[in-house]
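# Structural overview
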Amino acid sequence: SAPRQRNPDADRNAPWSRGEPMHIEVDEAAVNSLLLQRDAARRDKDYDTADDLMMEIKKLGVAFADDRSRTWSAVDPNQRGSMRPTDWDCPECGALCYGSKMECYRCACARPEGAGAPAMFKDPSGGRGEGR
């Protein structure tokens, strides 16, 4: 018999579930609601809205949402900060912004020079490469 084809929508329609650590308090209903809204935005190829929703999800205390396994994990509020080396904190409103964004999603403040430089512009030691 022919190999079974994977249905790419099957995983996207599965419910989201929370992974470890479970001891951290998070509004799970709000997180799951925002994750479903983000799923819809991604389905509609509205990636700016999906990114904005992910920022809202992170503000609720989510460290990571794995789209393949449909699981998310909370982070201790005392451990928050940039989740990736390229992310940056807005100097005007304090929002955590993706490194790929040139301005803050919340207040439209421009990304400060050198803050959250995209990885392709960083040298291996973590600083800005010469002549870039």
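In what follows, the structure referred to is the one given above.
On a predicted model such as this, the values are computed, not experimentally measured, just so you know.

## Re the pairing of strand β3 (residues 71–74)
- Side-chain alternation along β3 places Trp 72 and Ala 74 on a buried face and Thr 71 and Ser 73 on a face that remains uncovered.
- The sheet contact formed by strand β1 (residues 17–18) and β3 spans 2 bridges and is parallel. Bridging from a neighbouring strand, Arg 18 pairs with Trp 72 of β3.
- Pairing analysis gives 4 bridges linking strand β2 (residues 62–66) to β3, with the strands arranged antiparallel. Paired with Val 62 across the two strands is Ala 74, which belongs to β3.

## Details of the sheet that holds β1
- A sheet is described by the order of its strands in space; here 3 strands give the open sequence β1-β3-β2, paired in mixed fashion. A strand with exactly one partner marks an edge of an open sheet, and here the two such strands are β1 and β2.
- Seen against the sheet, helix α2 (residues 28–43) touches β1, β2 and β3 and runs at an angle of roughly 135° to β3.

## Regarding the nonpolar core
- Counting 23 residues, the largest nonpolar core has Val 31, Leu 35, Ile 57, Trp 72, Cys 90, Cys 97 and Cys 104 as its most contacted members.
- Every element with two or more residues in this core is listed here: α2, α3 (47–59), β2 and β3.
- With residues up to four places along the chain from it excluded, the contact list for Val 31 reads Val 26, Ile 57, Leu 60, Val 62 and Trp 72.

## Focus on unusual backbone geometry
- Residues Glu 20 and Pro 21 are joined by a peptide bond in cis, for which omega reads 0°.
- Structurally, Pro 21 can be placed in the loop between β1 and α2.
- In this structure, Lys 45 takes a positive phi of about 60° despite not being glycine.
- If you trace the backbone, Lys 45 turns up in the loop between α2 and α3.
- Of note in the backbone geometry, Ala 108 takes a positive phi value of approximately 70° without being a glycine.
- Inspection of the secondary structure assignment puts Ala 108 in the segment after β5 (96–97).
- Using a relative accessible area of 46% as the deciding quantity, one classes Ala 108 as partly exposed.

Reading the values: rules and limits
- Residues numbered from 1 in each chain as written.
- Predicted model: local features only at pLDDT ≥ 70, side-chain atom pairs only at ≥ 80, totals over all residues.
- Heavy atoms only, no water.
- Buried < 20%, exposed > 50% of the residue type's maximum accessible area, 1.4 Å probe, protein only.
- Helix = DSSP H or I, 4+ residues; strand = E, 2+ residues; numbered from the N terminus.
- Pairing = 2+ DSSP bridges.
- Contact = heavy atoms within 4.5 Å.
- Axes fitted to C-alpha atoms, helices over the stretch in contact; angles between N-to-C directions.
- Core = buried A, V, L, I, M, F, W, Y, C linked by side-chain atoms within 4.5 Å.

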